[in-house]
Amino acid sequence: MTTWREQLAFAPLATFDRGEEVGRRLRHAIELGVLEDGTQLPSESELAAKMGVSTLTLRAALAELRGRGLLETRRGKGGGSFVKANTGDIIKAERESLMAYSLDDLRDIRDYWAFLAGSAAAAAAERSGRLSLGRLASMAVKVESSEDSAHATRADSRFHIELAASSGSVRLTREEMAMQSEVGPLIWAVPGGHSSAAAEHVAIVEAIRSGDGILARALAEEHVRSDMNRVLDLRMGADASREESFPDPDREEHEVASIESFTELLADTASSSIRSIEHAVRVQLGSQRQGDISDLDAIYDASRRTLEGAVPLLYGAGFLPESSFSPAGAAWCHAPTGPHSLQRLVIDWDLYEGGTATWRPEDYGDGAIHISHAYLDANGSNENIITFSKAAFVGEQMVGIVAADVLVRGIQSQLESPLRALPPNTCLVDQNDVIIATNTGRFMGGIYSPTKYAGKQIALQAMPWKLFVGTSTATARLE
């Protein structure tokens, strides 16, 4: 009979990049303790069939795991591939796994996992009168008695899986199991900082036992976010670069000036790109009453040439015609994976409503370049972006919008070095107080509350943003 461990570790792969995925799946299963120390893997042919990959693909993945010290091969009778769950090797693998994630990936994982854990806890509280919570309660405190990081990882993950199972939802439990295979090892890659895990688990269980779904959800979400915020901090590498006990005013002034210079460069690049594309729109369309596909193709070419020199500061740029002027679509170029990936963005116009888009201001009559707040472009690029935009006119007729997109994660990446050198709790926020760059994990992707801030506030000249330079005693918080 196939056990749940085998179902989780050896289930068929659904992704196209199976060569990379098979190694990651098995590595996570070992790190999580799904495949325990000394476990013998099925034969290569049997395991390849189970996972739906070729034998060659599987062999390459197993070779990588041997190189990481997570598998060993024994020859002769009774030989094969055996799990070697050495704690030191697992911790090393956990750190390597962490560096494969971007900050934006980790922020998204944090928010999704918090939603899963909170939903599971709330649902379990609603069913508390029909639940036997003994198993969940016993799992809650096992982290405390774990002898090392590897065992703590497994105890923590098993608590969260049992919490999901207590919700009564098979789908939610499957999602939590998949999440644990990914994030469980990341949580315990962070040195220290887990002393409160058992107490937080117990508090969640007690809220469920009392039937308080609101409290159970809040505690579960806070627990998960705290864990992932430590991961974000480790990924930023902030602790290694700060000298909090010996602040250097000259260094701080220099790094703040670097951030100000970056925002000026960003604004100048976006503005010049917009005006270049706007010129192409006027030249191409002239006094025509309506554009056609060939007109938009020519404007797209101009947008592409403009974007070539603006990546990585800009993510996309182009022209969005008014539907009354051209029904042919957009002339929009973007760079999904960097300067060498320039391509035309195909927009589903059945889903995209340009007239009410988040980035579109109420009035374009002033002829100015407008800057949006940060938002998720769900029906376009599917990225968190900021849009610069300007109305384009032929004569007195508005024919569309010329715009340029900036990735929020790109801003975080570009400012990583100066932010590291500044005090903890430093945040760059947009005009809606959305945090677009920070050096502290708990602030990523949140809304800032400047009225509760104890640090230095700097209004940036080039952008409608503010920089809050934090201190170790800052009382800023997320709302």
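Residues numbered from 1 in each chain as written. Predicted model: local features only at pLDDT ≥ 70, side-chain atom pairs only at ≥ 80, totals over all residues. Heavy atoms only, no water.

Caption draft 1: How the structure looks around the overall build of the protein. Summing up its helical and strand segments, the protein has 16 helices and 13 strands in all. Long-range contacts, defined as pairs at least 24 residues apart, comprise 64% of the intrachain contacts of the protein with a sequence gap of at least 6. (Helix = DSSP H or I, 4+ residues; strand = E, 2+ residues; numbered from the N terminus. Contact = heavy atoms within 4.5 Å.)

Caption draft 2: Spatial organisation of the sheet that holds strand E11 (residues 435-438). Pairing is antiparallel in the open sheet, where four strands are placed in the order E11-E10-E13-E12. At either margin of the open sheet sits one strand with a lone partner, and together these are E11 and strand E12 (456-459). The average angle at which neighbouring strand axes cross in this sheet is 20°, direction not considered. (Pairing = 2+ DSSP bridges. Axes fitted to C-alpha atoms, helices over the stretch in contact; angles between N-to-C directions.)

Caption draft 3: Looking closely at unusual backbone geometry. In the segment running from Val311 into Pro312, the intervening peptide bond is cis, with an omega of 15°. Along the polypeptide, Pro312 turns up in the loop between helix H14 (293-308) and strand E3 (316-321). For Asn425, which is not glycine, the phi torsion reads 75° and is therefore positive. Position of Asn425 among the secondary structure elements: in the loop between helix H16 (416-420) and strand E10 (427-429). A positive phi angle, near 65°, is found at Asp433, a position not held by glycine.

Caption draft 4: Fine view of helix H6 (residues 103-126). With 24 residues, H6 extends 35 Å between its outermost C-alpha atoms, agreeing within 8% with the 34 Å of an ideal straight helix rising 1.5 Å per residue. In terms of burial, H6 is a largely internal element, 17 of the 24 residues being buried. (Expected span 1.5 Å × (residues − 1). Buried < 20%, exposed > 50% of the residue type's maximum accessible area, 1.4 Å probe, protein only.)

Caption draft 5: Local environment of the nonpolar core. Of all hydrophobic cores here, the largest spans 48 residues; its most connected members are Phe319, Ile411, Leu428 and Trp465. The element best represented in this core is helix H13 (residues 249-285), accounting for 10 residues. Core analysis: the next-biggest nonpolar cluster, separate from the first, contains 38 residues, Leu106, Leu116, Ile187 and Met444 among them. (Core = buried A, V, L, I, M, F, W, Y, C linked by side-chain atoms within 4.5 Å.)

Caption draft 6: Seen up close, the side chain of Thr438. If you trace the backbone, Thr438 turns up in strand E11. Separated by 2.8 Å, the side chain of Thr438 and the backbone oxygen of Thr426 make a polar contact. A distance of 3.2 Å separates the side chain of Thr438 from the backbone nitrogen of Thr440, its partner in a polar contact. Setting aside chain neighbours within four positions, we find Thr438 in contact with Met236, Gln412, Leu419, Thr426, Cys427, Phe443 and Met444. (Polar contact = N/O pair within 3.5 Å; in protein donor to acceptor, adjacent residues only side chain to side chain.)

Caption draft 7: Spatial organisation of the packing of aromatic side chains. All told, the structure shown has two aromatic pairs when counted by the stated rule. Ring plane angle 65° and centroid distance 5.3 Å describe the contact between Phe443 and Tyr448, whose orientation is recorded as edge-to-face. Relative accessible area serves as the criterion here: at 0%, Phe443 is assigned to the buried category. Exposure remark for Tyr448: the relative accessible area of 1% places this residue in the buried category. (Phe/Tyr/Trp six-rings, centres within 6.5 Å; stacked < 30°, edge-to-face > 60°.)

Caption draft 8: Up close: the pairing of strand E13 (residues 466-469). Pairing geometry for E10 and E13, over three bridges, is antiparallel. Looking at the pairing, Cys427 lines up with Phe468 of E13. Judged from the four bridges that link them, E12 and E13 form a sheet pairing that is antiparallel. Bridge pairing links Lys456 to Val469 in E13. Linking two consecutive strands that pair antiparallel, namely E12 and E13, is a turn of six residues.

Caption draft 9: Expanded view of the side chain of Ser303. Its place among the elements puts Ser303 in helix H14. When neighbours within four sequence positions are excluded, Ser303 is seen to be in contact with Ile277, Ala317, Gly318, Phe319, Ala331 and Cys333.

Caption draft 10: Quick peek at the pattern of salt bridges. Evaluated as defined, the whole model comprises 17 salt bridges. When salt bridges with common partners are traced through the structure, they connect Asp104, Arg107, Arg110, Asp111 and Arg225 into a single cluster. (Salt bridge = Lys/Arg side-chain N within 4 Å of Asp/Glu carboxyl O.)

Caption draft 11: Just the confidence of the model for the protein, in detail. Of the residues in the protein, 80% have a pLDDT of 70 or more, and the chain-wide mean is 82. Across the protein, element-level confidence peaks in strand E6 (residues 370-371) with a mean pLDDT of 96 and bottoms out in helix H12 (residues 238-241) with 44. Here residues 472-479 is a poorly scored stretch, pLDDT under 50, and it has 25 contacts once near neighbours within four places are set aside; other chains count. (pLDDT = per-residue confidence, 0-100.)

Caption draft 12: Region of interest: helix H10 (residues 197-209). The first and last C-alpha atoms of H10 sit 18 Å apart over 13 residues, in line with the 18 Å expected at 1.5 Å per residue. Downstream of H10 by a residue or two, Gly211 has a phi angle that is positive, lying close to 75°.

Caption draft 13: Representation of the layout of surface pockets within the structure. Of the voids in this model, the largest pocket is the one considered here, and its volume is about 850 Å³. Lining of the largest pocket is provided by 39 residues; of these, Asp104, Leu407, Val408, Arg409 and Gly410 occupy positions nearest its centre. Sorting the residues of the lining of the largest pocket by element identifies H6, strand E7 (375-376), strand E9 (397-407), helix H15 (408-414) and E11 as the ones contributing at least two each. Residue contributions to the lining of the largest pocket peak at six residues, all from H15. Residue composition of the lining of the largest pocket, by class: 20 nonpolar, 11 polar and eight charged. (1 Å grid on protein atoms, 1.4 Å probe; cavity = no way out; pocket = protein on both sides within 12 Å on 5 of 7 lines; lining within 4 Å. Points joined across faces, edges and corners; volume = space filled by probe spheres on them. Nonpolar A, V, L, I, M, F, W, Y, C, P; charged D, E, K, R; others polar.)

Caption draft 14: Just the environment of Ala403, in detail. With respect to the secondary-structure elements, Ala403 resides in strand E9. Considered as a pair, Ala403 and Ile277 are 126 residues apart in the sequence and their alpha carbons are 8.6 Å apart. Ignoring sequence-local partners within four residues, the contact set of Ala403 consists of Ile274, Gly316, Ala317, Gly318, Trp332, Thr387, Phe388 and Ser389.

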